[in-house]
Amino acid sequence: MRSNLNKMDTTVEMIDIIALIQDKVMEGVEHLYQEKIDRSKVALNTTRKEFEGDYTVVVFPFTKAAKKGPQQVGEDLGQFLVENVDQIKAFNVIKGFLNLVVDDAYWKQFLESVVNSEDYGQHPSNGKKIMVEFSSPNTNKPLHLGHIRNILLGWSCSRIFEAAGYDVIRTQIVNDRGIHICKSMVAWQQFGNGETPESTGLKGDHFVGKYYVAYNNEDKKQKAALEAEGKDKEETAIMKSARDLLQKWEANDEEVRKLWASMNGWVYEGFNATYDKLGVRFDKLYYESDTYLLGKDAIDKGLEKEVFYKKEDGSVWIDLEDAKLDHKLVLRSDGTSVYMTQDIGTASQRYDDYKIDEMVYVVGDEQNYHFKVLFEIMKRLEAPFANGLYHLSYGMVDLPTGRMKSREGTVVDADDLVEEVIAEAHEGTKERGDLGAFSEEEQKEIIRKIGMAALKYFIVKVNPQKRMVFDPKESVDLQGNTGPYIQYASVRINGVLQRAAKEGLDFSGAIDPSLNLETIEKDILLQIYEYPNVVLNAAKDYDPSVIASYCYNLAKNFNKFWHDHSIFNAETEAEKIFRLKMSKIIGYTLKNGMDLLGIEMPERM
Ligand code: ARG
């Protein structure tokens, strides 16, 4: 549950206030009512805004042992804690909830202990290896808006796992073989006249995608012609040619393999350019052309163990009715593999390659059933990693204008969307006229960072399971719950620290013990204190939106502080020093949190 805070400055030994309160509540209940209670019974929350206090203890679970009402138990326990815990200064009881006020001295000491931790929130190694699979495109067309959500989720989950102490391997399965790429290939053969991305100036993946579209158009035309002749059951000539290519590919036909390799090569160049723009990379790529035969061994073994059964036609199945999952084909009657066969094989391969403890598949929710079945199969095959498998399923992304029409309709290219948000960011900064003091080059870099933050934050702030609408205009709004809003708070903090440096203000000295903290200052420190746990929770829930809303709330609190209080015109020197220190750790925390979302902070904006 709660882990100790880590990476604290070792010169100050920091007490974990939450664990301390839990300990003392257990002690108090035993002392007052002669009953030992379990730690799990001590529920501790941060105190709600409308009440005085920092942490709230739920006392209902102790009323039975006490043979007293919740109000009285709260009073007893509160008294005990104030008397026995230096860090607890006061308490109040409201409707069975015991609100505890932590002494300012504790928060000041806490600030002192973290203020120089640039990597605040980074947990030490937990000794576990996790593989995260994301993107995993087919190689016949460019990446689209759905891939963007996939990639951003995959990337930020990877970063969150790293911060939580995991060793992370980022991977994807590149679906580089099969009928889909053969369709692009055959269209290129028939209509391409030898043109290349180079000769046309087209980005490689867009180039190959153009032929996939050409294939579909031609196929439609031929289908219509067949229908007119009353042969609507017949396969089109171009479809036959595509199948022919696939057969030749499987027979290792040199010519076909060559064309296949160069078309895929074009696609990879294009994909890599998009990955670069999104700021993501992979540690290991698996290609379907290498892995598509894997899994057949596992099928044989599963047949021996009677996990699978064979039908008369030779096809192999699994009966998952007892798991409410139906019967599922795992090998065709002609011995060729299906999607499931490959995933069975690839999972084992990955385990053999890396001895991973856990594996996360970031794949759209249209494949929920596939992964349920896959995981159930791995369990029945008694794969050693079967309990570490997780499908990070995510919902569709639409555009406000309804431009993304999924399968058949016009799909929005990832590249176009990136351009669009950067253009929006440009528009916004032009209107505000903020960037006048920067060179052309610097302006471009700042605008890029704003645009990318807008896109990334808007997408990852939504819980993955929810469907969402991506609105480029709204995403750059400096007033809203957006990436640029948080960037702006961070830039403000940079400004404060730069000014302090320019004025030669040294705030490295100790915080004055007699300084009283403002409510907002305490709120902020409590929030900073929570950050390492927020990282663990985000990892546990596979949910970057937890980090996003944390960063937003912290930025909001900083802005509130900024509006209500002055740093440089603080009433006392002690106050000024405290506020500079606090600003510094807010800056680190925002930067680290946003980094977990794949978002860079501009120095200025
Ligand atoms: N390429 C597939 C698609 O575009 C996704 C692959 C997901 N990963 C997996 N291991 N099955 O639908």
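Structure's up top.
Procedures and definitions
- Residues numbered from 1 in each chain as written.
- Predicted model: local features only at pLDDT ≥ 70, side-chain atom pairs only at ≥ 80, totals over all residues.
- Heavy atoms only, no water.
- Helix = DSSP H or I, 4+ residues; strand = E, 2+ residues; numbered from the N terminus.
- Buried < 20%, exposed > 50% of the residue type's maximum accessible area, 1.4 Å probe, protein only.
- Contact = heavy atoms within 4.5 Å.
- Areas by Shrake-Rupley, 256 points an atom, 1.4 Å probe, with all protein chains shown as cover.
- Salt bridge = Lys/Arg side-chain N within 4 Å of Asp/Glu carboxyl O.
- Near = heavy atom within 4 Å.
- Polar contact = N/O pair within 3.5 Å; in protein donor to acceptor, adjacent residues only side chain to side chain.
- Nonpolar A, V, L, I, M, F, W, Y, C, P; charged D, E, K, R; others polar.
- Pairing = 2+ DSSP bridges.
- Axes fitted to C-alpha atoms, helices over the stretch in contact; angles between N-to-C directions.
- Phe/Tyr/Trp six-rings, centres within 6.5 Å; stacked < 30°, edge-to-face > 60°.
- Lys NZ or Arg CZ within 6 Å of the ring centre and 35° of its normal.
- Parallel < 35°, antiparallel > 145°, perpendicular 65-115°, else oblique.
- Core = buried A, V, L, I, M, F, W, Y, C linked by side-chain atoms within 4.5 Å.
- Expected span 1.5 Å × (residues − 1).

*Asks:* Would you mind showing me how to read the overall build of the chain here?
*Replies:* Looking only at helices and strands, one finds 21 helices and 14 strands in the chain. Dimensions along the principal axes, computed over C-alpha positions, put the chain at roughly 90 × 65 × 40 Å. When each of the 605 residues of the chain is scored for burial, the buried share is 54%. Long-range pairs, those at least 24 residues apart, make up 74% of the contacts in the chain between residues at least 6 apart in sequence. For the chain, the exposed surface amounts to about 28200 Å²; the carbon and sulfur share of it is 47%.

*Asks:* I keep staring at the pattern of salt bridges and nothing clicks. Help me out?
*Replies:* In total, this model carries 42 salt bridges according to the counting rule given. The partner of Glu573 in a salt bridge is Lys576, with the nearest N and O atoms 3.9 Å apart. In this pair, Glu573 and Lys576 both sit in helix H21 (residues 573-596), three residues apart, roughly one turn of the helix. What you see here is one network of salt bridges that share partners, running through Lys203, Asp205, Lys277, Asp415 and Glu419.

*Asks:* How should I be thinking about the site of the ligand in this particular structure?
*Replies:* Neighbouring the ligand are the residues Glu133, Ser136, Asn138, Ile173, Asn175, Tyr339, Asp343, Tyr361, Val363, Gln367 and Phe371. Residue Asn138 places a side-chain N or O atom 2.9 Å away from a nitrogen atom belonging to the ligand. Here Gln367 contributes a side-chain N or O atom positioned 3.1 Å from an oxygen atom of the ligand. Within the complex, the protein chains bury 84% of what would otherwise be the 350 Å² of accessible surface of the ligand. Sorting the residues of the shell around the ligand by element identifies helix H13 (339-354) and strand E11 (358-364) as the ones contributing at least two each. Within the shell around the ligand, the residues separate by chemical class into five nonpolar, four polar and two charged.

*Asks:* I tried to follow the sheet that holds strand E8 (residues 309-310) on my own but got confused; where do I start?
*Replies:* For sheets, the rule is that strands pair by backbone hydrogen bonds, running either parallel or antiparallel. With respect to topology, three strands assemble into an open sheet ordered E8-E9-E10, the strand pairing being antiparallel. Since the sheet does not close on itself, it has two edges, and those belong to E8 and strand E10 (327-331), each with one partner. For E8 and strand E9 (residues 316-319), the ladder comprises two bridges, and the chain directions are antiparallel. For Tyr309, the partnering residue across the bridge sits in E9 and is Trp317. Lying on the sheet, helix H12 (residues 296-304) is in contact with E8, E9 and E10; it crosses E10 at an angle near 125°.

*Asks:* I keep staring at the packing of aromatic side chains and nothing clicks. Help me out?
*Replies:* The relative placement of two aromatic rings is captured by the distance of their centres and the angle of their planes. Applying the stated criterion across every chain, the model contains 29 aromatic pairs. Relative to Tyr529, the ring of Tyr106 lies with its centre 6.2 Å away and its plane at 70°, an arrangement referred to as edge-to-face. Taken together, the positions of Tyr106 in helix H4 (residues 104-114) and Tyr529 in helix H19 (residues 519-541) put the pair 423 residues apart, joining distant regions of the chain. The same class applies to Tyr106 and to Tyr529, which are both buried. With a centroid separation of 6.0 Å and an interplanar angle of 40°, the aromatic rings of Tyr120 and Tyr531 are classed as tilted. Residue Tyr120 is found in the loop between H4 and strand E5 (129-133), and its partner Tyr531 is found in helix H19; the two are separated by 411 residues along the sequence. A relative accessible area of 0% places Tyr120 in the buried class. Across the ring face of Tyr351, the terminal group of Lys355 is positioned such that the distance to the ring centre comes to 5.2 Å.

*Asks:* Help me understand the sheet that holds strand E6 (residues 167-174), please; the structure alone is not making it clear to me.
*Replies:* The five strands lie next to each other as E7-E6-E5-E11-E12, forming an open sheet whose pairing is parallel. With one partner strand each, in any of the chains shown, strand E7 (284-287) and strand E12 (389-394) form the two edges of the open sheet. Strand-to-strand twist of the sheet, defined as the mean angle between neighbouring strand axes without regard to direction, takes the value 25°. Bridge count for E5 against E6 is five bridges, and the pairing is parallel. By the bridge assignment, Ile130 is partnered in E6 with Val168. Running at roughly 160° to E6, helix H5 (residues 145-163) makes contact with E5, E6, E11 and E12 of the sheet. Lying over the sheet, helix H14 (residues 368-380) contacts E11 and E12, oriented at roughly 175° with respect to E12.

*Asks:* When you look at the packing of helix H8 (residues 204-228) against helix H10 (residues 254-278) in this model, what are you seeing that I'm missing?
*Replies:* When two helices pack together, you describe them by how their axes are tilted relative to each other and by the distance separating the axes. Where H8 contacts H10, the axes come no closer than 6 Å and their chain directions differ by 130°. In this view, H8 runs oblique relative to H10, as classed from their interaxial angle. When H8 is examined against H10, the residues Gly204, Asp205, Phe207 and Val208 are found in contact with a partner set consisting of Met263, Trp266, Val267, Gly270, Phe271 and Thr274. Of the residues contributing to the contact of H8 with H10, the split by class is six nonpolar, three polar and one charged.

*Asks:* Explain the nonpolar core here, please?
*Replies:* One broad rule of soluble globular proteins: the nonpolar side chains tend to lie buried together. Ranked by size, the top nonpolar core spans 160 residues in total, and within it Tyr55, Trp107, Phe161, Leu455, Ile486 and Leu590 carry the most contacts. Setting aside its immediate chain neighbours within four residues, Trp107 contacts Asp54, Tyr55, Val102, Leu517, Lys522, Leu525, Leu526 and Tyr529. Among the nonpolar cores identified, the runner-up in size contains 34 residues, and Met131, Phe308, Leu331 and Met340 belong to it.

*Asks:* It is not clear to me how helix H20 (residues 545-564) should be interpreted in this structure. Could you clarify?
*Replies:* Helical periodicity: at 3.6 residues per turn, an α-helix aligns residues three or four positions apart in one direction. Its 20 residues give H20 an end-to-end C-alpha distance of 28 Å, which sits within 8% of 28 Å, the value for a rise of 1.5 Å per residue. The complete set of buried residues in H20 reads Ser545, Ile547, Ala548, Tyr550, Cys551, Tyr552, Leu554, Ala555, Asn557, Phe558, Asn559 and Phe561.

Such coordinate-based values are descriptive only and should not be taken to indicate function.
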